[in-house]
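Listed below, chain by chain, are the residues.
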Amino acid sequence: MLNLSKIQAITLDLDDTLWPVWPTIARAEVVLQDWLALHAPQTALLCAQPGVKQAIRAAINQRHADKAHDLTFLRREAIRESLLRAGEAPHLADAAFEVFFAERQNVQLYDGVQPALARLAARYPLVGLSNGNADVFRTEAGPYFQAAVSARVFGVAKPDARIFHAAAAQLNLPPEAVLHLGDDATTDVLGALLAGMQTAWVNTQGHDWPHDLAQPLTVSHLAELCDYLLA
Ligand SMILES: [Mg+2]
């Protein structure tokens, strides 16, 4: 159970906690493919073949295992590798990535998330804490956030305790004074617990609790936490 009297700030996961991530990525991939068709047509043809994009990404992930926390780097290198394999100019990867990345920020908040964030932000400082490469300040959720910590910039990803501690340090608070909310039972909930934070599970995807550890307070939507936290 939460110790409400101790909570002085909230860290929030972004993807699949505030908005569904896969529709956004799928749209960004379409925009990228359209851009390639115009500017690097051989690459567009190559990437349209079944399984090719996935194989290239798997090869890049393996080649750069030390960059697993940096999805921006991996995405850009996968585009560069596609251009190389198709015999087109690899420097186009930078412009192509920017096209992908702009659309990747064009997220649609789950219904009710915006008013929930407004209510929470009126009481607590909110800090984004994400393994993905969404920039919360480029989304409709941006105005409610005081700061954001990303695995890409920090250098290690959740569930590593160090990234949770970095977020708490940014707030000048001990971990137990911070409540972390996220959709992933392991990277968010288990990670936060092991880092000494308080946590609740925003189980937007309807998963079963997979850990031996007692299941924490669980809701299916951020808004369900507001009345409880702000009572
Ligand atoms: Mg998530």
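What counts as what
Residues numbered from 1 in each chain as written. Predicted model: local features only at pLDDT ≥ 70, side-chain atom pairs only at ≥ 80, totals over all residues. Heavy atoms only, no water. UniProt positions renumbered as here; feature names shortened; annotations may be inferred. Donors = N, O, S within 2.8 Å, 3.2 Å for Na, K, Ca; no water. Buried < 20%, exposed > 50% of the residue type's maximum accessible area, 1.4 Å probe, protein only. Helix = DSSP H or I, 4+ residues; strand = E, 2+ residues; numbered from the N terminus. Contact = heavy atoms within 4.5 Å. Patch = residues over 30% accessible without salt bridge, like charges linked within 9 Å, V, L, I, M, F, W, Y side chains within 5 Å. Areas by Shrake-Rupley, 256 points an atom, 1.4 Å probe, with all protein chains shown as cover. Salt bridge = Lys/Arg side-chain N within 4 Å of Asp/Glu carboxyl O. Phe/Tyr/Trp six-rings, centres within 6.5 Å; stacked < 30°, edge-to-face > 60°. Lys NZ or Arg CZ within 6 Å of the ring centre and 35° of its normal.

Naming follows an unreviewed UniProt entry, where the protein appears as HAD family hydrolase of Limnohabitans curvus. Under the UniProt heading Cofactor (unreviewed entry), the entry covering the protein gives this text: "Mg(2+)".

Details of the coordination of the magnesium ion
On the protein side, the magnesium ion has Asp13 (OD), Asp15 (O) and Asp183 (OD) as donor atoms, found 2.1 to 2.2 Å from it. Binding-site remark: the magnesium ion is held by donors from one chain whose sequence spacing is D-x1-D-x167-D. Of the two residues, Asp13 and Asp15, both sit in the buried class.

Examining helix α8 (residues 161–170)
Looking at α8, one finds that the buried residues are Ile163, Phe164, Ala166, Ala167 and Ala168. On its buried face, α8 sits against β1 (9–12), β2 (126–130), β3 (147–150), α7 (151–154), β4 (178–182) and α9 (185–194). Count one or two residues on from α8 and you reach Asn172, which has phi positive near 55°.

Some remarks on a nonpolar patch on the surface
A surface patch of nonpolar side chains, amounting to about 330 Å² of accessible area, comprises Met1, Leu4 and Tyr228. Relative to the helices and strands, Met1 resides in the segment before β1. Residue classification places Met1 among the exposed residues on the basis of a relative accessible area of 81%.

Structural notes on the packing of aromatic side chains
On inspection of all chains with the given rule, the structure shows three aromatic pairs. On the numbers, 5.2 Å between centres and 25° between planes, the contact of Phe97 with Phe101 is stacked. Taken as a pair, Phe97 and Phe101 lie in helix α5 (residues 92–104) at a separation of four residues, close to a single helical turn. Accessibility classification places Phe97 together with Phe101 in one group, the buried group. On the numbers, 5.2 Å between centres and 65° between planes, the contact of Trp201 with Trp209 is edge-to-face. Judged by its relative accessible area of 16%, Trp209 is buried. Taken together, the ring pairs connect Phe97, Phe100 and Phe101 into an aromatic cluster. For Lys67, the ring lying beneath its charged end belongs to Phe73, and the centroid distance is 4.9 Å. The side chain of Arg76 reaches across the aromatic face of Phe97, ending 4.8 Å from its centre.

Notes on unusual backbone geometry
In this chain, Lys158 is followed by Pro159 through a cis amide linkage whose omega measures 10°. Along the chain, Pro159 falls in the loop between α7 and α8. Positive phi values are uncommon outside glycine, yet Asp16 reaches one of about 65°. We classify Asp16 as buried; its relative accessible area is 13%.

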